[in-house]
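Coordinate inspection notes
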Amino acid sequence: MGRPLDEDPLTLALAPPPDETPEQRQAREAAEAEARRVSDEIDELLKKEREQEKKKKRPVKLLLLGQSESGKTATLKNFQLTYSKREWTEERASWRGVVYLNLVRNVNQILYHLVREMSDRTASMDGNSSDDSIEEVPVSRAKTLPPIKFKEKHRLLQQRLAPLISLQKDLEQRLGAAAMEMTTSSVNTAAPFEASSPTSRRGISEFSINSSNGWKSALDKIRTLRTGRSGVEAEALKKAGDLEDELVETLVSCRDAMKELYEDTIIQEMLNRRKVRIEDSPGFFLNDAERIASWNYQPTDDDVIRARLRTLGVQEYKFIFDHGRAVGQEWQMYDVGGTRSSRAAWSPYFEDGNVLMTLSPLSPFDEKLAEDKRVNRLEDSYLLWRSVCANKLLARTQLILFLNKCDLLQAKLQRGIRIRDSVPSFGDRKNDLSTATKYFQQHFKEIAKQSSIAKRNLFVHLTSVIDTRSTAITLGAVEENILREHLRRADLM
């Protein structure tokens, strides 16, 4: 039979003493009231602390918009270099394969044009011109210019560098075997520079990563191979090491030929006539071939920033800041893709983003979009910026504009390329960097003023994001502005 309720041990323990005096009862009740007050006060403090901690740790969500090759990935890497140095240091060595791929691709692009030029010259001499209606007629075939006279050494260079064709394929497989765009054609190793389809006439299709975390997935794959522990993994690690030794040996053996190819005056003339400026393209390392194609090469910070690994679709990157004002703060950064076909996927990311950073490169004022040769790249940047400012979902989002690639803009102007030839509204202004950047900056500000739904602050920065030192200073100002707005929205200011 159970114990009566009035004999419950807990009830008996909490019951006052049977012989308690009125004075003792008053003291006991006062003590209990004070204990409840202290307990309630502690509970309230803990509640407020939890709420503040929740707000404080809420991640900063930053969206990056811009055309393909506008510098979004380089900007992401600059954030990591500046504010997440521990993770950056752990990843840096893994970028070696990407730098190798960039260097090999630089050489193969030149070889592509060399073979095309030789082929077109031979066809012209035989009276059988190839069908150039799809892409471009080589400038060297124009009647106003004499044909380029290639020498036997150019054919020998082509033969000496032929192993780089299969090497490019090996490097791509190491980074991601199935990450090529469906609409492009892969390199034909048997006849790598033959035009096998309309797409291939535009050059060697670019290798791409297509995953939720972009280049990090490629680096993770490399690191997994290096750190395997089981028997199967150890064997994979050994094979990966053997492959890397073979890879580096091929690069080293081709090093002198790479340098000779790029420095050859006839090759440079050919590239100029075909209007190919490979040195202005992302991921250019050919001028560093002697340093990179060596047995002891390790990527520098600048190498990693410059390394090009194209991403497809929306890429998400998460960094825990271990430096700066936001130590311990998680930043979620989204590169939402830059080609016109990918812009339809942007809207779902607009709703809860704290900051939107748009990168508009200034240097391609005289270039066309890769995906639409009818559209000027600067005009496309204007249209993109106008749509961002006018978007209702972004009415309360903090806007930051990077007018990027000022270094390449300056190089173009120094070569005598006139802005007014491509941008008539530039008029007779002085064709120098200072005048040009002021003009473009004012134009973007006017678009924001006319298109924005609500009045808001706009932060504009002139950048060259491959310059890590100047970009770190810019990011310091950006971080401060972003954090101030983030804290204000979290009701902590």
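Cut-offs and rules
- Residues numbered from 1 in each chain as written.
- Predicted model: local features only at pLDDT ≥ 70, side-chain atom pairs only at ≥ 80, totals over all residues.
- Heavy atoms only, no water.
- Helix = DSSP H or I, 4+ residues; strand = E, 2+ residues; numbered from the N terminus.
- Phe/Tyr/Trp six-rings, centres within 6.5 Å; stacked < 30°, edge-to-face > 60°.
- Lys NZ or Arg CZ within 6 Å of the ring centre and 35° of its normal.
- UniProt positions renumbered as here; feature names shortened; annotations may be inferred.
- Buried < 20%, exposed > 50% of the residue type's maximum accessible area, 1.4 Å probe, protein only.
- Contact = heavy atoms within 4.5 Å.
- Polar contact = N/O pair within 3.5 Å; in protein donor to acceptor, adjacent residues only side chain to side chain.
- Pairing = 2+ DSSP bridges.

Turning next to unusual backbone geometry. The backbone of Lys-275 shows a phi angle near 55°, a positive value even though the residue is not glycine. With respect to the helices and strands, Lys-275 occurs in the loop between α10 (265-273) and α11 (289-292). The backbone of Lys-405 shows a phi angle near 65°, a positive value even though the residue is not glycine. By secondary structure assignment, the location of Lys-405 is in the loop between β7 (398-404) and α14 (406-414).

Turning our eyes to something else, we now look at the packing of aromatic side chains. Counted under the stated rule, the structure contains 10 aromatic pairs. Taken together, Phe-79, Tyr-83, Phe-321 and Trp-331 form an aromatic cluster joined through their ring pairs. Stacked on the ring of Phe-426, the Lys or Arg Arg-429 has its end atom at 6.0 Å from the ring centre.

Residues annotated by UniProt as "binding site: Mg(2+)" (unreviewed entry) correspond here to Thr-311. One can find Thr-311 in strand β3 (residues 310-311). Look at Thr-311 and you get buried, because its relative accessible area is 16%.

On to the UniProt feature "binding site: GTP" (unreviewed entry) in the chain. Residues annotated in UniProt with the feature "binding site: GTP" (unreviewed entry) correspond here to Asp-280, Ser-281, Asn-404, Lys-405, Cys-406 and Asp-407. A maximum C-alpha distance of 13.9 Å among these annotated residues, which run over 128 residues, shows that they cluster at one spot. Tracing the backbone shows Asp-280 in the loop between α10 and α11. Setting aside anything within four residues of it in sequence, one finds Asp-280 in contact with Leu-408 and Arg-415. There is a polar contact of 3.0 Å between the side chain of Asp-280 and the side chain of Arg-277. Relative to the helices and strands, Ser-281 resides in the loop between α10 and α11. Taking relative accessible area as the criterion, Ser-281 reaches 27% and is therefore assigned partly exposed.

Glancing now at the pairing of β7. Burial within β7 is extensive, with seven of its seven residues counted as buried. Direction of pairing for strand β6 (residues 355-361) relative to β7: parallel, over a ladder of seven bridges. By the bridge assignment for β7, Pro-361 is matched with Asn-404. Direction of pairing for β7 relative to strand β8 (residues 458-462): parallel, over a ladder of five bridges.

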